Amino acid sequence: MFKHRKSVPTAAISIALLAQGAIAAEEQFFPVLSYRVGPYGANGQSFFGGFVDYLTYVNLKENGVNGVKIVWEECETEYNNAKGIECYERLKDKAKVSTGPIHTMSTGVAYALIDKSKEDKIPLAMMGYGRTDAVDGSVFPYAFPLVTTYQMQASAILRFIKERGKGGLEGKKIVYLYHDSAYGKEPIVALQEEAKLNKFELTLIPVAHPGNEQGAQWLKIRQENPDYVVFWGWGVMNQTALKAAQKVGFSRDKMIGSWWAGSEEDTVPAGDAAKGYMAATWNVAGKDVPLIADIEKVVYGAGKGNLQDTSKIGTILYNRGVSAAVLSVEATRKAQEKYGKGKPVNGEQVRWAMENLDITDARLKEIGATNLLPQIKTSCTDHEGSGKVKIQQWDGAKWIPVSGWIEGNKGLIHPLFQASAKQYATEKGIAPRDCSKEK
Amino acid sequence: MQFFMEVLIGGLLSGVMYALVALGFVLIYKASGVFNFAQGAMVYLAALSVVGCMEKGAPLWLAIILAFAIMTLFGIATEKFVLRKLVNQPPIALFMATIGLAFFIEGLAPMVFGSAPRALDLGIVDEPIPAILDAWGIVISKFDLVAAGVAALLVTTLALFFQYTRIGRALRAVADDHQAALSIGIPLQHIWAIVWGIAGFVALVAGLMWGARNGVQFALTFTALKALPVLIIGGFTSVPGAIVGGLLIGASEKLAEIYLPPVMQSLFGGNFGGIEGWFPYVLALFFLLVRPEGLFGEKHIDRV
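Residues numbered from 1 in each chain as written. Chains lettered and ligands numbered in written order. Predicted model: local features only at pLDDT ≥ 70, side-chain atom pairs only at ≥ 80, totals over all residues. Heavy atoms only, no water.

Engineer: Which residues make up the overall build of chain B, and what are the values?
Structural biologist: When you go through chain B residue by residue, the secondary structure sums to 12 helices and 0 strands. Taking 2.2 N^0.38 as the reference for a compact globule, 304 residues should give roughly 19 Å; the C-alpha atoms of chain B span a radius of gyration of 20 Å, in line with that estimate. Each principal axis of the C-alpha distribution contributes one length, and for chain B these read about 60 × 60 × 35 Å. With 304 residues in all, chain B has 54% of them scored as buried. Considering only contacts in chain B between residues 6 or more positions apart, those separated by 24 or more positions represent 74%. (Helix = DSSP H or I, 4+ residues; strand = E, 2+ residues; numbered from the N terminus. Rg over C-alpha atoms; globule rule 2.2 N^0.38 Å. Buried < 20%, exposed > 50% of the residue type's maximum accessible area, 1.4 Å probe, protein only. Contact = heavy atoms within 4.5 Å.)

Encoded structure:
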C-alpha cells in the first residue's frame, strides 16, 4: 500500500515532466488548437482530422520536412474563446524553439490571439476566417487571413451571380441573411460597396445566435421576393435556413452560402431541403484529388489515421484541414530554404515564409493537390495571397463545383482592408512597417 | 394585414415547438421544485438515441421505442445515482446536480451515438400546405400543424394525469414538501423515477420534432434557451401554462422581429434585427415584475 502511495506522486511528476518536455532539436513543432467536442465538434473533427492526417502523411512519406520530423500537440478549445486562449498559453512555450502556424478555425479565438501571437512571435493563420483587415501585413505582421477573406468571398459570390444571370446585377434584389456576429457582419461593408457599384438593391437580415429559429426572417424574405439570398450561416443556422427556405417555397438554387455554410455537415442534416443549394468554397471536396486518395492509402493503410469515422475523408471540411496543413508545411519548407535546410524553424522564420509564399499550380501538382485549392502568392501588403473561391452545388448526395476559381473585386475590397488596418494602427499606436523594405 | 396574420400564425406555431421543450421542465419542477438544467441535453440524448438506433438498422418505430426505453432507464438511473442522495437538500443542490447531469449527457451521448449532425425523416414534409397558400396566400406548413397536434395531445394527457391520477396527486404532494410527502407514505424514489421517465418521454417527443426540423445535432441542447422565458410567463408548475407561455413567446418574438427593427432604425439609425435572441427574456423580465408566479403558476405564500 505504502509502495503504491509513493508511486502515485512519482508517476504524476513523471507525467508532468513529460508533458512539459521540450521539443527535440531536430523536430518541428505544430501547436494545434482544435475542437472535437461541443456544439461545433463535428466540424472540428473533420477539419482537424484532415490537418493532422496531412502532418502524419508528410512524416510517413517524406520523413518530415527535409528530414525534420513534424510533432504536434492538440489542445481542445471547444470553440470557446476563453479555452482557446488557455490552450494557446499552454502550448506557446513549446512553440518557442520551433513552430508551425497556429490554426484555430474560430474567428473569436483568432481575434483574441492577434496581439498575443505578435508578442510571442508565433504566426497566426486564419484561413477563410478571422480578422480580415490583417490582409495588410504592414499593420499585422503575424496574422495571415490566407487564401481568401469574407469580403473577397462575398464579392466573388456577386460576380458569380452577375455572370450566371447574364443580365448583370443592376436592378436585382439581393438579401444578405447573416449570423448576427462579427463573422456575419464583416462582409456588410463589402456588399454595400458592391451594391453602390453594381446598382442592386441590398437588404440586410440578421439572425440571432444560434439561429435555430428563422421563421420571421424567412417570411420577410418571402415578402421581399429577392433574386438571390446570400447567406452567412454557421452550425445549426445552416440547416434551419435550408429547411425554412423550403417551408416558404424559396428556391434553394437561388441561395448561395459562405464556405462556413457549405459542408456536408450543413447539408446532410437538412435532407432534401438542401438539394440545389450553392455555397462558396476555397477547397474542393472528394477523393479524386490525388493527395487525398494517397493520404487514405498511406496514412490509413499504416493504421495511423486520425479519424475513426473514415467516411469523413474527402468531405469539404476534411479537405480544408488538409489544405490548411499543406500551406503550413509549405511555409515550413520555405522557411527552411532561407534559414537552413533540414533544420527546425522558429516562429519568426515561419512568419517570413508565410509572407513570401508562392505556391503555383506546378507546385500543387507536385504535392498532388491540383485544384484542391487555388494558387497562393503572399507579400507584406497581401497576407491573403489569392482571394479566389469556387461555387459548388449540393446535388443531394455530394458537392459539385459549378464554377472555376472566381476572384472577388480586389480593387474595390483591398482598399477597405487598408483603411480598416490604418484605423486599427492609429487606435493601437502601431507604426506600420514599410513594406517596400521587406524582403 | 395578410402578412401580419402570416407572421402571427407562424409565431404561434413556433411557440408550440418551444412549449414542447418547456413541458419537460414543468414536469420535473412539479415533482421536485427544481429547474432541470439538463432538459435541453435530454432532448439531444433522446433524438440522438433515435438516429443512433436507426443507423444500427432499426426502423423508425422501433428506434422510437428503443429511445423511449433509453430515456426511461436514464430517468431511473438519475433518480438512483443523483437524486436519491439529495433528498431534503436545498433546491439549489438539486439544481447544481442537474447542471452536472447536463454536462454528463452532452459528453456521453455523442460518445455512444456519434456527434455528426444527421437528418431525421419522420415522413412529414416541412412545406407550405398548397390549399391554404392558394386560398389565403399564407404559408402554413404541414409539419407545424402536426407539431401543434402533438403538443395539444401531450398537454391534455399530462394535465389529466396530474389532476386525476393517484401518481399525479402524489407528484404534486412531493413537489410541495419532500419530507411531508415521505411522512405520509408517498414513495419519493418511485415518484421521482416515474417523473424523470415521463420527462424523458416529453424530451423524446421534443427531440423528434426539433430533430426532424433542424437535424439531430448538438444544437438541440440550445432548444432549452427559449424554455426559460416560456416558463416564467406560463408559470413553472402549470402544464397548460407551458403551452400558453410558448404561444406568447413565439408570437411576440416573431412580430417583434418583423416590426421592431424598422422603428429602432428610424430612431437610432444602423441595422437592427436578430432580436429574437433577447426579446423573449425582456418580455419574461416584464412578467417577473408584474406577475412573478407567471400566468398560471401557483402563488407561493409563506407563513410567518
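Engineer: How would you sum up the domain arrangement of chain A? Please name residues and give values.
Structural biologist: Residues and elements named next belong to chain A. The domains assigned to chain A are domain 1 (26-148 + 285-377) and domain 2 (151-281 + 391-408). Computed over C-alpha atoms only, the centres of domain 1 and domain 2 are separated by 28 Å. Counting residues at the interface gives 25 residues for domain 1, matched by 17 residues for domain 2. Around 1,700 Å² of area is buried between domain 1 and domain 2 when both sides are counted, 57% of it from carbon and sulfur atoms. It is Y40, I316 and R320 that lose the most area in domain 1 upon contact with domain 2, and together they represent 29% of the buried surface on that side. Where domain 1 packs against domain 2, one counts 11 residue pairs in polar contact (both at pLDDT 80 or more). Where the side of domain 1 that touches domain 2 is concerned, the elements lending two or more residues are α2 (41-62) and α12 (316-339). Among the residues forming the side of domain 1 that touches domain 2, the class breakdown is 14 nonpolar, 8 polar and 3 charged. (Domains from an automatic or database assignment. Buried area = accessible area lost by both parts, 1.4 Å probe. Polar contact = N/O pair within 3.5 Å; in protein donor to acceptor, adjacent residues only side chain to side chain. Nonpolar A, V, L, I, M, F, W, Y, C, P; charged D, E, K, R; others polar.)

Engineer: Summarise helix α2 (residues 39-55) of chain B; cite the residues concerned and give the values.
Structural biologist: Every α-helix carries 3.6 residues per turn, so stepping three or four residues along brings you back to the same face. For α2(B), built from 17 residues, the straight-helix expectation of 24 Å at 1.5 Å per residue is met to within 8% by its first-to-last C-alpha distance of 24 Å. Counting buried positions over the 17 residues of α2(B) gives 15, a clear majority of the element. (Expected span 1.5 Å × (residues − 1).)

Engineer: Could you give an account of the interface of chain A and chain B, naming the residues involved and the relevant values?
Structural biologist: Each partner contributes to the interface: chain A provides 34 residues, whereas chain B provides 40 residues. The junction of chain A with chain B conceals about 2,900 Å² of combined surface from both sides, 56% of it contributed by carbon and sulfur atoms. In terms of surface lost to chain B, no three residues of chain A exceed E213(A), L219(A) and K247(A), which account for 23% of the buried area on that side. Across the salt bridge formed by D144(B) and K247(A), the nearest N and O atoms sit 2.7 Å from each other. Broken down by secondary-structure element, the contributors of at least two residues to the side of chain A that touches chain B are α2, β7 (201-207), α8 (215-224) and α9 (236-248) of chain A. Residue composition of the side of chain A that touches chain B, grouped by class: 14 nonpolar, 12 polar and 8 charged. (Salt bridge = Lys/Arg side-chain N within 4 Å of Asp/Glu carboxyl O.)

Engineer: Any chance you could break down the state of the cysteines for me, citing the residues and the numbers?
Structural biologist: All names here are of chain A. Taken as a whole and assessed by the stated rule, the structure comprises 2 disulfides over all chains. Residue pairing for C75: its cysteine sulfur links by disulfide to C87, the two sulfurs lying 2.0 Å apart. Its S-S torsion of approximately -70° makes the covalent link between C75 and C87 left-handed. Highlighted residues: C75 in strand β2 (residues 69-76) and C87 in helix α3 (residues 81-92), separated in sequence by 12 residues. The exposure class of C75 is buried, given its relative accessible area of 4%. Each sulfur in the disulfide pair C380 and C435 lies 1.9 Å from the other. What sets the handedness of the C380 and C435 disulfide is the S-S torsion sign, and at about -60° it is left-handed. Of this pair, C380 sits in the loop between β12 (376-377) and β13 (388-394) while C435 sits in the segment after α15 (410-428); the two residues are 55 residues apart in sequence, bridging distant segments of the chain. Residue C380 is classed as buried on the basis of its relative accessible area, which comes to 8%. Owing to a relative accessible area of 18%, C435 belongs among the buried residues under this scheme. (Disulfide = S-S within 2.5 Å.)

Engineer: Hey, could you go over the pattern of salt bridges for me, with residue numbers and the actual values?
Structural biologist: Residue and element names in this part refer to chain A. Considering all chains together, one arrives at 39 salt bridges over all chains under this definition. A salt bridge links K410 to E407; the nearest nitrogen and oxygen atoms lie 3.7 Å apart. By relative accessible area, E407 is classed as partly exposed at 25%.

Engineer: Mind laying out the pairing of strand β6 (residues 173-179) of chain A, listing which residues take part and the relevant values?
Structural biologist: In summary, the side chains of a regular strand alternate between the two faces of the sheet. Residues and elements named next belong to chain A. Summarising burial for β6: 6 of the 7 residues are buried, a large majority. With 7 bridges joining them, β6 and β7 adopt parallel strand pairing. Residue pairing across strands places L177 opposite I205, the latter belonging to β7. Relative to strand β8 (residues 228-232), β6 runs parallel, the two being bridged by 5 bridges. (Pairing = 2+ DSSP bridges.)

Engineer: Would you mind going over the layout of surface pockets in detail, with residue names and values included?
Structural biologist: Estimates place the volume of the largest pocket at around 950 Å³. What lines the largest pocket is a set of 41 residues, among which P39(A), E106(B), F218(B), T221(B) and F222(B) lie closest to the centre. The set of elements that each furnish at least two residues to the lining of the largest pocket consists of α2, α9 and α10 (264-267) of chain A together with α2 and α4 (91-113) of chain B. In terms of residue count, the dominant contributor to the lining of the largest pocket is α4(B) (6 residues). When the residues that make up the lining of the largest pocket are grouped by side-chain class, the tally is 23 nonpolar, 12 polar and 6 charged. (1 Å grid on protein atoms, 1.4 Å probe; cavity = no way out; pocket = protein on both sides within 12 Å on 5 of 7 lines; lining within 4 Å. Points joined across faces, edges and corners; volume = space filled by probe spheres on them.)

Engineer: Quick one: what's the story with the confidence of the model for chain A, residue by residue and with numbers?
Structural biologist: Low pLDDT marks stretches whose predicted atomic positions should not be read closely. Residue and element names in this part refer to chain A. Mean pLDDT over chain A stands at 92; residues scoring 70 or higher make up 94%. Between the elements of chain A, mean pLDDT differs from a low of 48, seen in helix α1 (residues 2-20), to a high of 98, seen in strand β4 (residues 124-125). Every residue in residues 1-6 scores below 50 in pLDDT, and together they form 0 contacts with partners more than four places removed in sequence or on other chains. Every residue in residues 13-21 scores below 50 in pLDDT, and together they form 3 contacts with partners more than four places removed in sequence or on other chains. (pLDDT = per-residue confidence, 0-100.)

Engineer: Outline the sheet that holds strand β3 (residues 102-103) of chain A, supporting the account with residue identities and numerical values.
Structural biologist: Residues and elements named next belong to chain A. Read from one edge of the open sheet, 3 strands run β3-β4-β5, paired in parallel fashion. Only two strands of the sheet have a single partner each, and these edge strands are β3 and β5 (143-144). The pairing of β4 with β5 spans 2 bridges and is classified as parallel. Residue A125 lies in a different strand from β5, and its bridge partner there is F144.

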